[in-house]
Amino acid sequence: MHKLEIEVGRDILKKNKEEANQNLTALKRYNIRAFDILGSIGSGKTSIIEKVAPILERRGLQIGAIAGDVAGEDDFVRMKALNIPVVNLNTGTECHLDAHLVSHAIERLPLKKLDILFIENVGNMVCPTDFELGTDARIVVVSVTEGDDVVNKHPMIFRVSDIGIINKIDLAEAVGASVARMKNDMKRIAPQVKQISMSVRTGEGISQLVDDLLNY
Ligand code: MG
């Protein structure tokens, strides 16, 4: 990369960081806990929100969501079906959300009513890493179907995350993936990450995630 490109990149990240801080301040004003959900396409990000949101609502918490995708309304429609306020964010060509985009989505949510905000990032394990959105925690989701080397291949996203979910563990044997290897890689690469082994299908790990979310 040329020196100029590096400088431009630094400016973009600096501006993003400032706007992320503004988002966090805006959300804190309304006592909202916000979570940035990261991970590949098909890792289970939307399914986890679908599972966890109703549980939190039964505990008296109001949930809101932002659906980030390159194009379309697929996740938006699924989250809408939960009867929660949702904003759809299409990035067009970008492979990640940024704090500026999220600031406009936040403006369209009924903040006074919300206790928890889920921001589902664009399905990608590289691009979102450097772009904080202004959340209390970042949650990275990987599934065993991505191969048990997926953690080792994408160290950066784990280093910026607080919770690491290994999803679809019920399929590990069928696809020949070692959950133990994934856990060990995560521990070595990102010891700060709170790990959760999960199967959205069987429900394993869901209550642990709910408990962890409530600790923020
Ligand atoms: Mg999704």
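Bear in mind the structure is a predicted one, so any value in this text is a computation, not a measurement.

A. Region of the structure containing the packing of helix α1 (residues 3-29) against helix α4 (residues 99-107). Taken N-terminus to C-terminus, the directions of α1 and α4 make an angle of 25°; their axes are 8 Å apart at the nearest point. When the axis of α1 is compared with that of α4, the two are roughly parallel. Here the hand of the crossing between α1 and α4 comes out left-handed. On α4, the residues touching Asn16, Glu19, Ala20, Asn23 and Leu27 of α1 are Ala99, His100, Val102, Ser103 and Ile106. Taken together, the residues that form the contact of α1 with α4 break down as five nonpolar, four polar and one charged.

B. Broad picture of α4. By the burial criterion, the buried members of α4 are Ala99, Val102, Ser103, Ala105 and Ile106. All buried residues of α4 lie within an arc of 165° about the axis, which places them on one face of the element. Taken together, the buried residues of α4 touch α1, β2 (63-69), β3 (86-90) and β4 (116-120). For α4, the N-terminal capping position is held by Asp98, with its side-chain oxygen 3.1 Å away from the main-chain nitrogen of His100.

C. Quick look at the sheet that holds β2. Ordered in space as β3-β2-β4-β1-β5-β6-β7, the seven strands form an open sheet in which the pairing is parallel. Here the strands that pair on one side only, and so sit at the sheet edges, are β3 and β7 (194-197). Going across the sheet, the axis of each strand differs from the next one's by a mean of 20°, ignoring polarity. In this sheet, β7 lies alongside strand β6 (residues 163-167) in parallel orientation, the contact comprising four bridges.

D. Structural context of the packing of helix α2 (residues 45-58) against helix α9 (residues 206-214). Running from amino to carboxyl end, α2 crosses α9 at an angle of 65°, the nearest separation of the two axes being 10 Å. For the element pair α2 and α9, the recorded crossing hand is right-handed. From α2, Ile48, Lys51, Val52, Ile55 and Leu56 reach across to α9, where they touch Ile206, Leu209, Val210, Leu213 and Leu214. Broken down by class, the residue content of the contact of α2 with α9 amounts to nine nonpolar, no polar and one charged.

E. Just the coordination of the magnesium ion, in detail. For the magnesium ion, the protein coordination sphere consists of Thr46 (OG1), Asp75 (OD) and Glu120 (OE), at 2.1 to 2.2 Å. Residue class for Asp75 comes out buried when judged on its relative accessible area of 12%. Judged by its relative accessible area of 3%, Glu120 is buried.

F. Fine view of the nonpolar core. Judged by nonpolar contacts, the single largest core of 29 residues is most densely connected at Val52, Leu56, Phe118, Ile165 and Leu209. Elements with a minimum of two residues in this core: β1 (33-39), α2, β2, α3 (74-80), β4, β5 (137-143), β6 and α9. Take this core: its biggest share by element is five residues, from α2. Leaving out residues up to four positions away in the same chain, Phe118 has contacts with Phe35, Ile37, Ile49, Val52, Leu56, Ile63, Gly64, Ala65, Ile66 and Leu213. Within the second largest apolar cluster, 19 residues are counted, among which are Val142, Ile166, Ile169 and Met186.

G. Geometry of empty space enclosed by the protein. Taken as a whole and judged by the stated rule, the model has one cavity of 30 Å³ or more. Computed from the structure, the largest cavity encloses a volume of approximately 40 Å³. Put simply, the parts of the chain that give the lining of the largest cavity at least two residues each are α2 and α9. It is α2 that contributes the most residues to the lining of the largest cavity, three residues altogether.

Parameters and conventions
Residues numbered from 1 in each chain as written. Predicted model: local features only at pLDDT ≥ 70, side-chain atom pairs only at ≥ 80, totals over all residues. Heavy atoms only, no water. Axes fitted to C-alpha atoms, helices over the stretch in contact; angles between N-to-C directions. Helix = DSSP H or I, 4+ residues; strand = E, 2+ residues; numbered from the N terminus. Parallel < 35°, antiparallel > 145°, perpendicular 65-115°, else oblique. Left-handed = near helix turned anticlockwise from the far one by under 90°. Contact = heavy atoms within 4.5 Å. Nonpolar A, V, L, I, M, F, W, Y, C, P; charged D, E, K, R; others polar. Buried < 20%, exposed > 50% of the residue type's maximum accessible area, 1.4 Å probe, protein only. Arc of directions from axis to C-beta. Polar contact = N/O pair within 3.5 Å; in protein donor to acceptor, adjacent residues only side chain to side chain. Pairing = 2+ DSSP bridges. Donors = N, O, S within 2.8 Å, 3.2 Å for Na, K, Ca; no water. Core = buried A, V, L, I, M, F, W, Y, C linked by side-chain atoms within 4.5 Å. 1 Å grid on protein atoms, 1.4 Å probe; cavity = no way out; pocket = protein on both sides within 12 Å on 5 of 7 lines; lining within 4 Å. Points joined across faces, edges and corners; volume = space filled by probe spheres on them.

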